[in-house]
Structure formats: C-alpha cells, structure tokens
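Inside the fold
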Amino acid sequence: MTDTRGPQPQYEGYATGPLPGEREPAPGQASGPYHPPQAYPSPAGGNQGGRPHGTQGSAQAAAQAARRPRTGARTTPRTRKARLRVAKADPWSVMKVSFLLSIALGICTVVASAVLWMVMDAMGVFSTVGGTISEATGSNEGNGFDLQSFLSLPRVLIFTSVIAVIDVVLATALATLGSFIYNLSAGFVGGIELTLAEDE
C-alpha cells in the first residue's frame, strides 16, 4: 500500500523550538524555577523562600497571627438539648425504690403522729373533749366513755405503726404492678418522651 498524498510540509518551529507548554525566559532574565505570583505579601520578618530569618522575626509573625480577643464582646451560653424516651422500667429497680420510699414515709407518719399527740395533750384537748364525752355518755351506773384511756400514746403509736406497715406493702406492690403495666403500654405507644437540656 503506497501513500498518494505527496510530500508533507515540515514544521521547523516545533522541531527546533520549545514545546507549546514550555515558556522561554525573557531576555536579560536568568532561568530558574517558576514561582507563581502571591496574592498577599508575606509578613515582615516572616519566611522567605522557606527559610526563617531569626527567632525575632518568627516571634513577631506569631504575635501578628495570634487572634486578639474583643473586649466588648459577650458570650451567650449555649444550651444543648437531648430528646430521650423512657422505653422500659425495670420492675426490680422500681420495687426496691418504692420499698425504701414507703419505709421512709411510714417512719415519718409514726413520728408525726407522736408529735401531734403530744401537742394536743399539752393543749388539753383530750381532757376537755374526754370530759364532754363522759358527761354525754355517762349514767348513774357508769362514768361513760373514757377518751383519754382509749387514745393513749401507746395505742396511737401501735395503730399508726400498723397503718405504716400496710402502707409499705401496698405501695411496693402497686409500684411494681405499675411498672409492668407501663412496660406493656410502652411496647404499643413507645413510652414517655423527655427533653433534657444542658447548659454549657
């Protein structure tokens, strides 16, 4: 197979001159590595050519680069919020906490009853009311109902202690049963959602 196009012209500029991507140095300018132009001048006493000019120049450059705080600016605290959901309540932990709280409530009830009885006895409430009830219920054969002997301090403390024990048992059982009911309802509706906030 022969070439019928004839002789092709030779491009002497590309054969002898530089490639299109290369730049020829201007006349009177020494050839060296190409440095792109800088948009901002380098700070005084800073680095030139990648070499520092003494420790004093580097310290000045660091001082200039350091950010100075604004004197009149006020920083407002940010509040981080997290949205959480109580998906399950452990019945064992609920039972322990409710048991301890009901015991504390029972002790407070007994102490409050004793203090209240002492205050009412010091004010003479039992003697006055007891005398009125004795006169109303008395007859020729008997003196009537004795309120002071019936509402004595030992009887009041025993009665209050029995109520406190019943309250401990009922409160613990109801709280544990309530945790089971909450777990069942949370399985259907997802539980109670809480939004917690933390101030920085």
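Residues numbered from 1 in each chain as written. Predicted model: local features only at pLDDT ≥ 70, side-chain atom pairs only at ≥ 80, totals over all residues. Heavy atoms only, no water.

1. Considering the overall build of the protein chain
- Regarding its fold elements, the protein chain presents six helices and two strands.
- The secondary structure elements of the protein chain, listed N-terminal to C-terminal, are α-α-β-α-α-α-α-β.
- A buried classification covers 14% of the 200 residues belonging to the protein chain.
- Relative to all contacts within the protein chain whose residues are 6 or more apart in sequence, the contacts with residues 24 or more apart total 73%. (Helix = DSSP H or I, 4+ residues; strand = E, 2+ residues; numbered from the N terminus. Buried < 20%, exposed > 50% of the residue type's maximum accessible area, 1.4 Å probe, protein only. Contact = heavy atoms within 4.5 Å.)

2. A short note on a nonpolar patch on the surface
- Taken together, the side chains of Phe99, Leu100, Ile103, Ile107, Val111, Val115, Val119 and Met123 present a nonpolar region at the surface, about 750 Å² in accessible area.
- Judged by relative accessible area, Val119 falls into the partly exposed class, the value being 42%. (Patch = residues over 30% accessible without salt bridge, like charges linked within 9 Å, V, L, I, M, F, W, Y side chains within 5 Å. Areas by Shrake-Rupley, 256 points an atom, 1.4 Å probe, with all protein chains shown as cover. Salt bridge = Lys/Arg side-chain N within 4 Å of Asp/Glu carboxyl O.)

3. Side note on the environment of Lys81
- Mapping Lys81 onto the fold places it in strand β1 (residues 79–86).
- Taking C-alpha positions, Lys81 is 6.3 Å from Glu198, a pair spaced 117 residues apart along the chain.
- In this view, Lys81 contacts Thr195, Leu196 and Ala197; residues no more than four positions away in its chain are not counted.

4. Overview of helix α4 (residues 125–137)
- Between the first and last C-alpha of α4 there are 18 Å, a value that for 13 residues agrees with the 18 Å anticipated at 1.5 Å per step.
- When α4 is considered as a whole, its buried residues turn out to be Phe126, Gly130 and Ser134. Down the axis of α4, the sector holding all buried residues measures 60°, keeping them to one side. Exposed residues lying more than 90 degrees from the buried face of α4 are Thr128, Thr132, Glu135 and Ala136. (Expected span 1.5 Å × (residues − 1). Arc of directions from axis to C-beta.)

5. Brief notes about the environment of Val165
- Tracing the sequence through the fold places Val165 in helix α6 (residues 153–189).
- Between the alpha carbons of Val165 and Gly106 there is a distance of 7.1 Å; along the sequence they are 59 residues apart.

6. A closer look at the packing of helix α3 (residues 91–123) against α6
- At a minimum axis distance of 8 Å, the contact between α3 and α6 shows a crossing angle of 155°. The pairing of α3 with α6 is recorded here as roughly antiparallel in orientation. The interaxial crossing formed by α3 with α6 has right-handed handedness.
- Residue composition of the contact of α3 with α6, by class: 18 nonpolar, eleven polar and one charged. (Axes fitted to C-alpha atoms, helices over the stretch in contact; angles between N-to-C directions. Parallel < 35°, antiparallel > 145°, perpendicular 65-115°, else oblique. Left-handed = near helix turned anticlockwise from the far one by under 90°. Nonpolar A, V, L, I, M, F, W, Y, C, P; charged D, E, K, R; others polar.)

7. What to know about the confidence of the model for the protein chain
- A residue-level look at the protein chain finds 56% of positions with pLDDT of 70 or above and a mean pLDDT of 75.
- In the model, residues 48–53 has pLDDT below 50 throughout and makes three contacts with residues more than four positions away in sequence or in other chains. (pLDDT = per-residue confidence, 0-100.)

8. Quick notes on the environment of Gly190
- Topologically, Gly190 is positioned in the loop between α6 and β2 (192–199).
- With relative accessibility at 17%, the residue Gly190 sits in the buried group.
- Along the primary structure Gly190 and Val86 are separated by 104 residues, whereas in three dimensions their C-alpha atoms are 8.2 Å apart.
- Look past the residues within four positions of Gly190 in its chain and what remains in contact with it is Arg85, Val86, Ala87 and Ser185.

9. Quick notes on the side chain of Thr172
- Looking at where Thr172 falls in the secondary structure, it is placed in helix α6.
- A relative accessible area of 11% places Thr172 in the buried class.
- Those residues within four positions of Thr172 in sequence are excluded, and the remaining contacts are Met95, Ser98, Phe99 and Ser102.

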